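Reading the structure
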Amino acid sequence: MEEWRFEPAHDFGLSAKQRRLSLRREVGLESAISCFLWRSITRVYLAIAHRLKIRGRENLPANAPFILVANHASHLDAIILGGILPLRFVGAVFPIAAGDTFFTKRASSIFATAFMNALPIWRKNCGAHSLGDLRERLLKGACVYILFPEGTRTRTGEMAPFKPGLGRLVARTNIPIVPCYLDGTFAALPASRTVPRWKKISARIGKPLLFANTTNDRAGWQSLAATVEEAVRALAT
Amino acid sequence: MNLATRERLFGFRHAFDSPVTLWITIAVIAALLIAALIIWLLRAAGRSSDKLHDELVKRVVSWAVMTPLLLGPVLLGAAWTILAVAILSILCYREFARATGFFRHRSLSIVVVLGIIATTFAIADHWYGFFVAVPPLTMVLLAMVAILRDEPRGYTQRVSLGVISFLLFGHCLGHLGYMANDADFRPIVMLIILTVELNDVFAYITGKTFGHRKITPQTSPNKTLGGAVGALVLTTTLVSTVGHFVFAGSGVDTPAKLIGLGLIVSVAGQFGDLMVSSIKRDIGIKDMGVTIPGHGGLLDRFDSMLLVAPAVFHYIAFFRGFGIDQPARIFTGG
């Protein structure tokens, strides 16, 4: 028989607060259950209040890891994309959320981690370091990121250019990026509102893109971001 | 559910029916106050460094939080005692699963938690048959569910970790909850919790004072022969003295049997401690978690209880039984 191998949780030994802020956070049964409940409730809400339509579901890869990328207009976006992914990914899906919006207050950071399973990224000084950690985690296996490469919600309804940081996560790897376009989210819950309007929302999922041959440097990241942006824009029409 | 059962489950007015319960409660509160006073005096006399002072304060504050969480449910009633043990089981399992990495096998993790819930139900129902049926049934489920991944590599390890988790945290610890089915559970449960915790303290103090020869340098380098023997003597004395009042008039109330009970508490307690140390060494970690400031994880604190609960349960059950005069299968009937 082989020697037993123990691999403690990667965030083992951290306090509850440190765990919430850690990019190494691993999800146990309790978060999986709370995320599942939240996913079920929001799916019903989106179906009734926003008559959510999804096209291109068949383009989603069968196995993790991959990154789901979309335009960003509202707080509903991550919830919609989390609900689109099949049930078996619950607990393995990590929306990458702005640390300075969701993780500075205790209550909102508990909500973001317990129900959305979000990982924080700090926009001011995130830099290469945390993106490197995220890349490593993705390479290790079973996780899916939900990412909005515009970096912030649109204030005008127009999609902003994608930031090249996305490239740092997948350049020179076989990890697919799945482009997705969300339509109607700006009308339903723009950044200026706190209560959603009952507007129709639709999501279109495109074919996965691979960047195994893109160089892992600034030029590569920029071309990668431009390619993905192009793919998302193509889905808009 | 008849009146007697309802009173046992929820009758907090009976909290101090037994004088032993009252003594233990008063003694514990007094001990905490005295500890706080000593720490304050040491500080005032300038005898404790900042580091030592912080460490001591942290420990006493942890105890001040844990004591009501431990004694409160027992005083409130059997239902709360059973619930508290169930919560402790799940939290201990969670620490173990995160430390070993077992939590990544989510479906198996669900089976273990279901096993703990089923055990809790069996206890609350006072249905001994189901209580002893849950371990083999959990084993059956674990063996089956672990196959579904169709990955023979690591199968034995996955199933074994599931079985160990359930047996230690669900079944063994469950015996402590099962004691609440006795009409007179308060003094018994309190005696066990108190002496198991004091056993650790005795081992620590006598070990510091008389301990020279290390007994388990590989497993836990701080354990000494002096500490082990000191704890054995002090705990056995305490258990048999207080036990005489707890078990007055029952089959356990003879000097030899009471000393036997004390020896079981002390020996099983110390081995439980060493068991968790062995697990930690095997995995390669220092503490099981960060739940209790100054102590580490919950498992670092309640390690001794894991082996004591079943050993003491069956020892006492052999001589006097648990809850034999109480109605069985409260919810399921039959």
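Conventions and cut-offs
- Residues numbered from 1 in each chain as written.
- Chains lettered and ligands numbered in written order.
- Predicted model: local features only at pLDDT ≥ 70, side-chain atom pairs only at ≥ 80, totals over all residues.
- Heavy atoms only, no water.
- Helix = DSSP H or I, 4+ residues; strand = E, 2+ residues; numbered from the N terminus.
- Rg over C-alpha atoms; globule rule 2.2 N^0.38 Å.
- Buried < 20%, exposed > 50% of the residue type's maximum accessible area, 1.4 Å probe, protein only.
- Contact = heavy atoms within 4.5 Å.
- Areas by Shrake-Rupley, 256 points an atom, 1.4 Å probe, with all protein chains shown as cover.
- Lys, Arg positive; Asp, Glu negative; His and termini not counted.
- Charge placed at Lys NZ, Arg CZ, Asp CG, Glu CD.
- Phe/Tyr/Trp six-rings, centres within 6.5 Å; stacked < 30°, edge-to-face > 60°.
- Lys NZ or Arg CZ within 6 Å of the ring centre and 35° of its normal.
- 1 Å grid on protein atoms, 1.4 Å probe; cavity = no way out; pocket = protein on both sides within 12 Å on 5 of 7 lines; lining within 4 Å.
- Points joined across faces, edges and corners; volume = space filled by probe spheres on them.
- Nonpolar A, V, L, I, M, F, W, Y, C, P; charged D, E, K, R; others polar.
- Buried area = accessible area lost by both parts, 1.4 Å probe.
- Salt bridge = Lys/Arg side-chain N within 4 Å of Asp/Glu carboxyl O.
- Polar contact = N/O pair within 3.5 Å; in protein donor to acceptor, adjacent residues only side chain to side chain.
- Pairing = 2+ DSSP bridges.
- Patch = residues over 30% accessible without salt bridge, like charges linked within 9 Å, V, L, I, M, F, W, Y side chains within 5 Å.
- pLDDT = per-residue confidence, 0-100.

Considerations on the overall build of chain B
Counting secondary structure elements, chain B contains 11 helices and zero strands. Scaling as 2.2 N^0.38, a compact globule of 334 residues should have a C-alpha radius of gyration of about 20 Å, and chain B matches this with 21 Å. Principal-axis analysis of the C-alpha atoms places the extent of chain B at approximately 65 × 50 × 35 Å. Relative to its full complement of 334 residues, chain B shows a buried share of 51%. Once local pairs closer than 6 in sequence are excluded, the contacts in chain B between residues at least 24 apart make up 73%. As displayed, chain B offers around 15600 Å² of accessible surface, 70% of which is attributable to carbon and sulfur atoms. Computed over 27 positive and 20 negative side-chain charges, the separation of the two mean positions in chain B equals 6 Å.

Points about the packing of aromatic side chains
Applying the stated criterion across every chain, the model contains 20 aromatic pairs over all chains. Centroid distance B:Y128 to B:F131: 5.9 Å. Interplanar angle 40°. Geometry classified as tilted. Here B:Y128 pairs with B:F131, and both are found in helix α6 (residues 128-145), just three residues apart, close to one helical turn. Centre to centre, the rings of B:F313 and B:F322 are 4.7 Å apart; their planes meet at 10°, and the pair counts as stacked. For B:F322, a relative accessible area of 7% translates into the label buried. The structure contains a cluster of three or more aromatic residues connected by ring pairs, namely B:Y128, B:F131, B:Y178, B:F313 and B:F322. Lying across the ring of A:F94, A:R137 places its NZ or CZ 4.4 Å from the centre. In this arrangement the basic side chain of B:R320 is found over the ring face of B:F322, its NZ or CZ atom lying 6.0 Å from the centre.

Some details on unusual backbone geometry
Of the consecutive residues A:A64 and A:P65, the connecting peptide bond is found in the cis state with omega at 0°. As for its position among the elements, A:P65 is in the loop between β1 (53-55) and β2 (66-70). Of note, the phi angle at B:R329 is positive, near 45°, even though the residue is not glycine. The residue B:R329 is located in the segment after α11 (298-319) in this model. The class of B:R329 is partly exposed, set by a relative accessible area of 26%.

Observations concerning the layout of surface pockets
By volume, the second largest pocket is sized at about 1700 Å³. Contributing to the lining of the second largest pocket are 47 residues, with A:E7, B:G101, B:R104, B:H105 and B:R149 lying nearest its centre. Sorting the residues of the lining of the second largest pocket by element identifies α6 (127-140) of chain A together with α5 (106-125) and α7 (155-178) of chain B as the ones contributing at least two each. Looking at the lining of the second largest pocket element by element, the count peaks at five residues for α7(B). In terms of residue class, the lining of the second largest pocket is made up of 19 nonpolar, 11 polar and 17 charged.

Observations regarding the interface of chain A and chain B
Facing 23 residues of chain A, the contacting portion of chain B comprises 24 residues. In this assembly, chain A packs against chain B so that about 1900 Å² is buried in total across both faces, 56% of it on carbon and sulfur atoms. The tally of links between chain A and chain B comes to three salt bridges. Across the pair A:E26 and B:R104 runs a salt bridge, and its minimum N-O distance is 2.6 Å. For the interface between chain A and chain B, the tally reads eight residue pairs in polar contact (both at pLDDT 80 or more). Per element, the largest residue contribution to the side of chain A that touches chain B is three residues, and it comes from helix α2 (residues 29-49) of chain A. Here the residues of the side of chain A that touches chain B sort into 11 nonpolar, five polar and seven charged.

Describing empty space enclosed by the protein
Counted under the stated rule, the structure contains two cavities of 30 Å³ or more. As a volume, the largest cavity reaches approximately 200 Å³. Among the elements of the structure, α2, α3 (76-84) and β3 (93-98) of chain A are those that each provide at least two residues to the lining of the largest cavity. Considered as a void within the structure, the second largest cavity measures approximately 50 Å³ in volume. Lining the second largest cavity we find B:I82, B:V85, B:A86, B:S89, B:I116, B:T119, B:T120, B:I123, B:G170, B:G174 and B:G177. At the level of elements, α4 (78-100), α5 and α7 of chain B are the ones that each hand at least two residues to the lining of the second largest cavity. A class-by-class count of the residues in the lining of the second largest cavity yields five nonpolar, six polar and no charged.

Examining the pairing of strand β6 (residues 177-183) of chain A
Residues and elements named next belong to chain A. The element β6 is largely enclosed, with a buried count of six among its seven residues. Pairing between β2 and β6: four bridges, direction parallel. Bridge pairing in β6 places V69 opposite P179. With four bridges joining them, β6 and strand β7 (residues 202-205) adopt antiparallel strand pairing. Residue Y181 lies in a different strand from β7, and its bridge partner there is R204.

Focus: the pattern of salt bridges
Residues and elements named next belong to chain B. Tallying each qualifying case throughout the model produces 15 salt bridges over all chains. Between D50 and R43 there is a salt bridge whose closest N-O contact spans 2.9 Å. You can call R43 partly exposed: its relative accessible area is 35%.

What about a nonpolar patch on the surface?
Residue and element names in this part refer to chain B. Together, F10, F12, L76, W80, L83, I87 and L91 make up a nonpolar patch on the protein surface, roughly 660 Å² of accessible area in all. Per-element tally for the nonpolar patch: the top contributor is α4, with four residues. When you line up the elements, L91 lands in helix α4.

Describing the confidence of the model for chain A
Here chain A averages 92 in pLDDT, while 99% of its residues score no lower than 70. Within chain A, α6(A) has the poorest average pLDDT of any element, 87, and β6(A) the best, 97.

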